[in-house]
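Architecture and fold: a report
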Amino acid sequence: MKLDSELKKRLIGAMAETLISHAVELTDLDRAIGDGDHGLNMKRGFEAVMADRDNLAAKPLPDLLKTFGTHLVMTIGGASGPLYGTFFMALGKEIPAEPTLAETARAFGAAVDAVKARGKSNTGEKTMLDVLQPVADVLQAPSGGNDLSARLRAAADGGLEATRPLRATKGRASFLGERSIGHLDPGARSSQLLVHAVLDVFVAQPALEGARST
Amino acid sequence: MTNSRVGIVIVSHSAEVARGTVDMVRQMVGHEVSVAASGGNPAGGLGTDVASIIAAIKKVWSPRGVAVLVDLGGAETNSEMAIEMLPEAWRGKVVICNAPIVEGAVMAATEAAGGGTLEQVRATAEELAP
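I will try to describe carefully the structure that is included in this document. (Residues numbered from 1 in each chain as written. Chains lettered and ligands numbered in written order. Predicted model: local features only at pLDDT ≥ 70, side-chain atom pairs only at ≥ 80, totals over all residues. Heavy atoms only, no water.)

**Regarding the overall build of chain A**
- Each helix and strand in chain A was counted, giving 11 helices and 0 strands.
- Reading chain A from its N terminus to its C terminus gives the helix and strand order α-α-α-α-α-α-α-α-α-α-α.
- For a compact globule of 214 residues, the expected C-alpha radius of gyration is about 17 Å, and chain A comes in at 16 Å, within 12% of that figure.
- Each principal axis of the C-alpha distribution contributes one length, and for chain A these read about 45 × 40 × 30 Å.
- With 214 residues in all, chain A has 54% of them scored as buried.
- Across chain A, every contact between residues at least 6 apart in sequence was considered, and the portion connecting residues at least 24 apart equals 67%.
- Accessible surface, chain A as shown: approximately 8,600 Å² in total, 57% of it carbon and sulfur.
- Charge centroids of chain A, computed over 25 positive and 26 negative side chains, lie 3 Å from each other. (Helix = DSSP H or I, 4+ residues; strand = E, 2+ residues; numbered from the N terminus. Rg over C-alpha atoms; globule rule 2.2 N^0.38 Å. Buried < 20%, exposed > 50% of the residue type's maximum accessible area, 1.4 Å probe, protein only. Contact = heavy atoms within 4.5 Å. Areas by Shrake-Rupley, 256 points an atom, 1.4 Å probe, with all protein chains shown as cover. Lys, Arg positive; Asp, Glu negative; His and termini not counted. Charge placed at Lys NZ, Arg CZ, Asp CG, Glu CD.)

Spelled out as structure tokens, the structure:
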């Protein structure tokens, strides 16, 4: 799949736009079970990314992703900075400049593993991994149906909803113990928003479907 | 700044907690040990900042190593990230101590002031871990 700089700009813009416009909701979710800064932190990180959008979009995909991750690490400030930063930096390290779907899936899986290592966490602990892992699983087994985009969205939505009944054992939400049950995880919500934003761009430009045959 | 002892870095979500912890170390241990504070997010609010952590490590860098004391989750993750972004030769010589930030800093600095190795400094701080 070839990503030209226009498409890269749209992808960056869509991710930033969705997180910035949901900053209040993310902060409210985080106020319920964390320290109430997730929305503001993500907004700050993605504003920094947006300020560098033209430069980022001119880079080959691996460099774009690594620099994207570095911006997040350097500007977010909370735990989500190194976690999201690690995701994009690892994705940039693993993905070729013009990836096939299989290569994208493999790189995405490696990036999810890097987040697990960084957070010393796994799925089922009420974190962003509860969204990212099911998405990685669908990407890695794309043959189960024909509408990949819809299945990726369903995986992200299902993963997000699955965090609601979980008791947090990682991050600050774990201090709440049982009281974390019944709330969506803010990091899972921001991950789900990013998945939808990326898919929205690809669906508008059917590169994703095109990639399936390459 | 002496270079012959292990350096100490305090990373808190609050700039005031980080600075206050440095003050306590200075008063209780003295000035033989290099101690640097990093607190607050890049916007000046509560949080931690990778660039500021890297700067603090550089400030107290010693070939004998640097022990980092952190408060809550994000401080630890951001400190790990900061260590990975250091020059390669330094990385193995900067460790995060699993210890309460204030007590751990005082104990680590005491051990460092006595000329302890990085491993001894870390072990002394970690005796306090719950």
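**A short note on the interface of chain A and chain B**
- Counting from both sides, the interface comprises 18 residues of chain A and, opposite them, 20 residues of chain B.
- Between chain A and chain B, roughly 1,400 Å² of surface is buried when both sides are summed, and carbon and sulfur atoms account for 59% of that area.
- The interface formed by chain A and chain B holds 4 salt bridges in total.
- For Arg118(A), the salt bridge goes to Glu84(B), with nearest N and O atoms at 2.8 Å.
- Taken together, the connections running from chain A to chain B amount to 5 residue pairs in polar contact (both at pLDDT 80 or more).
- At the level of elements, α3 (38-51), α5 (61-75) and α6 (80-94) of chain A are the ones that each hand at least two residues to the side of chain A that touches chain B.
- Here the side of chain A that touches chain B is composed, by residue class, of 7 nonpolar, 6 polar and 5 charged. (Buried area = accessible area lost by both parts, 1.4 Å probe. Salt bridge = Lys/Arg side-chain N within 4 Å of Asp/Glu carboxyl O. Polar contact = N/O pair within 3.5 Å; in protein donor to acceptor, adjacent residues only side chain to side chain. Nonpolar A, V, L, I, M, F, W, Y, C, P; charged D, E, K, R; others polar.)

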